[in-house]
Amino acid sequence: MRRGPFRDGVFRSALHEPRTAVVLGRWLGAALVVCFLTGLLSHLLQDPTGRLAGLLPARPVNGYRVTQGLHVVSGIAAVPLLGAKLWTVYPRLFEWPPVRSAAHALERLGIAVLVAALLLELFTGLLNTLQWYPWPFPFRQTHFWVGWLATGGLLVHLAAKAPLIARNWRRPRLTVPGRRAFLTSVAAAVGAVTLTTAGQSVAWLRPLNLLAPRRPDLGPQGLPVNRTAAQAGTVEVPAGWRLRVDGPRPYEIGLDELARLPQHEAVLPIACVEGWSASARWGGVRVAELMARAGAPAGSAVRVTSLEEEGPYRVMEMPAQYVDDPLTLLALRVDGETLDADHGFPARVIAPNRPGVLQTKWVARLEVSR
Ligand SMILES: Nc1nc2c(c(=O)[nH]1)N[C@H]1C(S)=C(S)[C@@H](COP(=O)(O)O)O[C@H]1N2
Ligand SMILES: [Mo]
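Residues numbered from 1 in each chain as written. Chains lettered and ligands numbered in written order. Predicted model: local features only at pLDDT ≥ 70, side-chain atom pairs only at ≥ 80, totals over all residues. Heavy atoms only, no water.

Student: Can you walk me through the packing of aromatic side chains in this structure?
Tutor: Two aromatic rings are characterised by how far apart their centres lie and by the angle between their planes. Considering all chains together, one arrives at 13 aromatic pairs under this definition. Here Y90 and F94 contribute two aromatic rings whose centre-to-centre distance is 6.5 Å and whose plane-to-plane angle is 85°, an arrangement assigned as edge-to-face. The exposure class assigned to Y90 is partly exposed, which follows from its relative accessible area of 34%. For the ring pair Y133 and F139, a centre distance of 6.1 Å and an interplane angle of 70° mean the geometry is edge-to-face. Across the ring face of W169, the terminal group of R26 is positioned such that the distance to the ring centre comes to 4.4 Å. Lying over the aromatic face of Y322, R354 brings its terminal NZ or CZ to 4.4 Å of the ring centre. (Phe/Tyr/Trp six-rings, centres within 6.5 Å; stacked < 30°, edge-to-face > 60°. Buried < 20%, exposed > 50% of the residue type's maximum accessible area, 1.4 Å probe, protein only. Lys NZ or Arg CZ within 6 Å of the ring centre and 35° of its normal.)

Student: Just to check I follow, could you spell out the pattern of salt bridges for this structure?
Tutor: Taken as a whole and judged by the stated rule, the model has 17 salt bridges. Its salt-bridge partner being D8, residue R2 comes within 3.4 Å of it at the nearest N-O pair. For R2, a relative accessible area of 32% puts it in the partly exposed group. Of the charged contacts in the structure, one is a salt bridge between R242 and E257, with a shortest N-O distance of 3.3 Å. One end of the pair, R242, is in strand β1 (residues 242-246); the other, E257, is in helix α7 (residues 255-260), and 15 residues separate them in sequence. (Salt bridge = Lys/Arg side-chain N within 4 Å of Asp/Glu carboxyl O. Helix = DSSP H or I, 4+ residues; strand = E, 2+ residues; numbered from the N terminus.)

Student: How do you make sense of the domain arrangement of the protein chain when you look at a structure like this?
Tutor: Buried accessible area, meaning the area lost when the parts come together, often serves as the stated size of an interface. Along its sequence, the protein chain is organised into domain 1 (18-208) and domain 2 (222-368). Inter-centroid distance (C-alpha atoms) of domain 1 to domain 2 is 36 Å. At the junction of the two partners, domain 1 supplies 26 residues and domain 2 supplies 25 residues. Taken together, domain 1 and domain 2 are joined by 1 salt bridge. Residues D325 and R59 are paired through a salt bridge, measuring 2.8 Å at the closest nitrogen-oxygen approach. Where domain 1 meets domain 2, there are 11 residue pairs in polar contact (both at pLDDT 80 or more). Listing elements by their share of the side of domain 1 that touches domain 2, those giving two or more residues are α1 (18-45), α2 (63-89) and α3 (102-129). Per element, the largest residue contribution to the side of domain 1 that touches domain 2 is 5 residues, and it comes from α2. (Domains from an automatic or database assignment. Contact = heavy atoms within 4.5 Å. Polar contact = N/O pair within 3.5 Å; in protein donor to acceptor, adjacent residues only side chain to side chain.)

Okay, here's the thing in structure tokens:
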């Protein structure tokens, strides 16, 4: 019966032991907690019609940039940590007898769910940073629910292992040879993958940005583009484009007239959910002012529609706290230049503390929605 890896003594490394697993578990746990909380926030922000969306503040302006940067950084750091942790404990996969009791069977099942959920979560997240979606299911919902599955699995796992964790929490007097070197290499691997990818959102790490899929300073007008005008089919902006603003007193307004309204500037980032972010100086008209001209009362939410004919970001809901914020603009310029077609010419929305997906380009219409 007991063949191959099921035999006694096949795993000879001294590092397949609980203290190493506990140390790695702490690091991995910290990365996962940061990743889960920042992910939860991102999910809430991307559902502006949800019940909690109205409670999220429009400040600090760089809030989402920081939390989503942390989400991607902690997720990437979790990859080598999970690898090292699984290597440390994988001999347990072949433990004998495979099942000792009902409780033991349940615990092993829980670990199977936990490991599968974590692998799927990190895999889908990593491919998302590459803007690659080679699966038929919707990314955001799947990533969200698998995140909960992993969290549940982790809590069960921590409860089941609590006595073992407690016994190995403190550094033992006698150390296992090689443990320090192993943990140091894992820490070095985490540092390397983090430092070579964080430059996609952290400006001073840009020179080290070797592995990230994005350089946040490359693209028209020094900003990256996720969906170009050609991809969105909005290259041909209708001649005589006029913005439609719907409210109690609806009106239409052309580019010349928009340029004659009071102009404002705001330094705000595009913080893409995929992990890159970049700041720019935007210029244009306050959304609050455009809505007030249509007779919208303060505190109104606004629906923004793009010229794009289809696409998941064609229609965007903007809760009142962003509409009323003086930094929220219908931008006509970036860094003093007319918007490039890829950045949303003739007009795009830019608001503080929101995910990039909600910074709608090629705006056709604003309307009071609530
Ligand atoms: N209409 C429309 N607006 C859009 C998108 C889109 O696909 N269609 N993409 C969004 C995403 S995912 C991001 S990150 C930002 C990118 O803005 P940029 O191309 O100006 O850098 O625009 C957002 N606005
Ligand atoms: Mo994005």
